[in-house]
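Listed below are the residues making up each chain.
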Amino acid sequence: MSKAVSVPDLKRMKQRGELIVAVTAYDYSTAVLLDQVNVDLILVGDSLATVMLGHPNTLPVNMEEMLHHTRAVARGVQRAMVVADLPFMSYYTVEAALENAGRFLKEARAAAVKLEGGKPPQLAAVTALVAQGIPVVAHLGFTPQSIHALGGYYVQGKSLESAKQLQAEAELLAKAGACALVLELVPPTLAAAISSDLEIPTIGIGAGPYCDGQIQVFHDLVGLGADYVPKHAARYAELRREICQAVERYAADVRARRFPEAEVMT
Ligand code: KIV
């Protein structure tokens, strides 16, 4: 077993120009596989809500559900850094952030938490969590928990003014002690500028090739997504098709009495 990836490792990777590979996972079996192939960071994303639980967006998932899935993922991981997403309204005060983030580390063996936004309430939460020794991954750009405020799945930071605002928030989050920053749906040039500006690594999703790492939702990556697949999703397998074909073959064998074979049971 190699040593678990730590916060200083992420910083060292950036300094050495080694790109961080991050993928989401929500269950034990997937976590085992991702860890086996040396994914550096496994995010138990609140995309759990849409991908695993069938909600229309990430807002309905709650702490108990996130804890349940984070525990399962952590049981399967030896090397990767396990990061748990603080769900919507679980960090609206510093006290709530401390309470809920603490639960992820104490009860579910996460190594860090992630939260969305870089406005004063989130900056205060990051400062307080880091002061308690809880590593925080920040998340800027398209922040899915603000879907209603943002009005849809749109690229953020396209105007000069909004780009400057995002860059300023990124700097403040790094100053507050965030150990990494997810940049979702921002123009590649802005992601490049933020990445070169910050000492902490940026991890992009739909943010172009100049981040210090990349993250993808597991189900998008392997073609398992049931509903909406974002444009920026990388597709490295078509498991949905394979699974359907496998189960169809099984069903045909059962119906034709080809499975199980008699001698298997004797
Ligand atoms: O919840 C999630 O899966 C995420 C990633 C898209 C970064 O936040």
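Described below are features of the structure shown in this document.

Reading the values: the criteria
- Residues numbered from 1 in each chain as written.
- Predicted model: local features only at pLDDT ≥ 70, side-chain atom pairs only at ≥ 80, totals over all residues.
- Heavy atoms only, no water.
- Helix = DSSP H or I, 4+ residues; strand = E, 2+ residues; numbered from the N terminus.
- Rg over C-alpha atoms; globule rule 2.2 N^0.38 Å.
- Contact = heavy atoms within 4.5 Å.
- Areas by Shrake-Rupley, 256 points an atom, 1.4 Å probe, with all protein chains shown as cover.
- Lys, Arg positive; Asp, Glu negative; His and termini not counted.
- Charge placed at Lys NZ, Arg CZ, Asp CG, Glu CD.
- Salt bridge = Lys/Arg side-chain N within 4 Å of Asp/Glu carboxyl O.
- Buried < 20%, exposed > 50% of the residue type's maximum accessible area, 1.4 Å probe, protein only.
- Axes fitted to C-alpha atoms, helices over the stretch in contact; angles between N-to-C directions.
- Left-handed = near helix turned anticlockwise from the far one by under 90°.
- Near = heavy atom within 4 Å.
- Polar contact = N/O pair within 3.5 Å; in protein donor to acceptor, adjacent residues only side chain to side chain.
- Nonpolar A, V, L, I, M, F, W, Y, C, P; charged D, E, K, R; others polar.
- Patch = residues over 30% accessible without salt bridge, like charges linked within 9 Å, V, L, I, M, F, W, Y side chains within 5 Å.
- Expected span 1.5 Å × (residues − 1).
- Disulfide = S-S within 2.5 Å.
- Phe/Tyr/Trp six-rings, centres within 6.5 Å; stacked < 30°, edge-to-face > 60°.

## With respect to the overall build of the protein
Helix and strand content of the protein: 11 helices and 8 strands. Computed over its C-alpha atoms, the radius of gyration of the protein comes to 20 Å, within 12% of the 18 Å expected for a compact globule of 266 residues. Projected onto its principal axes, the C-alpha coordinates of the protein cover approximately 70 × 40 × 35 Å. For the protein, contacts bridging at least 24 residues in sequence account for 57% of all contacts bridging at least 6. For the protein, the exposed area adds up to about 13600 Å²; of that, 56% sits on carbon and sulfur atoms. Across the protein, the 24 positively charged side chains and the 28 negatively charged ones have centroids separated by 2 Å.

## A few points about the pattern of salt bridges
Here the structure, examined in full by the defined rule, presents 13 salt bridges. Residue D85 is joined to K114 by a salt bridge in which the shortest nitrogen-to-oxygen separation is 2.9 Å. With D85 in strand β3 (residues 81-85) and K114 in strand β4 (residues 112-116), this residue pair connects regions lying 29 residues apart in the sequence. Each member of the pair D85 and K114 is classed as buried. E169 is the partner of K119 in a salt bridge, and the nearest nitrogen-oxygen pair spans 2.6 Å. Taken together, the residues K119 in the loop between β4 and α6 (120-131) and E169 in helix α8 (residues 160-176) connect sequence positions 50 residues apart. Under the relative-accessibility criterion, E169 is labelled buried at 6%. Residues joined in a network through salt bridges with shared partners are E64, R71, R103 and E107.

## Describing the packing of helix α4 (residues 63-75) against helix α5 (residues 94-108)
Remark: α4 packs on α5, axes separated minimally by 9 Å, with the N-to-C direction vectors making an angle of 35°. In the crossing of α4 with α5, the sense of the turn from one axis to the other is right-handed. In this structure, α4 uses M63, E64, M66, L67, T70, R71 and A74 to contact α5, whose residues at the interface are N100, R103, F104, E107 and A108.

## Observations regarding the site of the ligand
The full set of residues close to the ligand is T24, L43, G45, D46, S47, D85, K114, H139, V182, E184, I205 and V217. The contact in question runs from an oxygen atom of the ligand to an N or O atom on the side chain of D85, over 3.2 Å. Out of a free accessible area of 260 Å², the ligand has 95% covered by protein chains. Of the residues belonging to the shell around the ligand, the class tally is 4 nonpolar, 4 polar and 4 charged.

## So, a nonpolar patch on the surface
Together, I243, V247, Y250, V254 and F259 line one region of the surface with nonpolar side chains, adding up to about 460 Å² of accessible area. Mapped onto the elements of the fold, V254 is located in helix α11 (residues 239-255).

## Comments concerning α5
The terminal C-alpha atoms of α5, which comprises 15 residues, lie 20 Å apart, in line with the 21 Å expected from a rise of 1.5 Å per residue. As for α5, its buried residues are in contact with α4, β3, β4 and α6. At the C-terminal side of α5, R109 shows a positive phi close to 60°.

## A look at the state of the cysteines
Overall, the coordinates contain 0 disulfides when judged by the stated rule. Counting only cysteine sulfurs, C211 is the nearest neighbor of C179, a cysteine outside any disulfide, at a range of 15 Å. Judged by relative accessible area, which is 4%, C211 ranks as buried.

## Observations regarding the side chain of T202
For T202, the location among the structural elements is in strand β7 (residues 202-205). T202 sits in the buried class, given a relative accessible area of 0%. Beyond its immediate chain neighbours, meaning those up to four positions away, T202 contacts L181, L183, I194, S195, C211, D212 and G213.

## Here we look at the packing of aromatic side chains
Applying the stated criterion across every chain, the model contains 2 aromatic pairs. With centroids separated by 5.1 Å and ring planes inclined at 40°, the aromatic side chains of F142 and Y153 adopt a geometry described as tilted. Pair noted here: F142 is in the loop between β5 (136-141) and α7 (147-150) and Y153 is in the loop between α7 and α8, with a separation of 11 residues, a long-range link. Among the residues examined, F142 registers a relative accessible area of 0% and is labelled buried.

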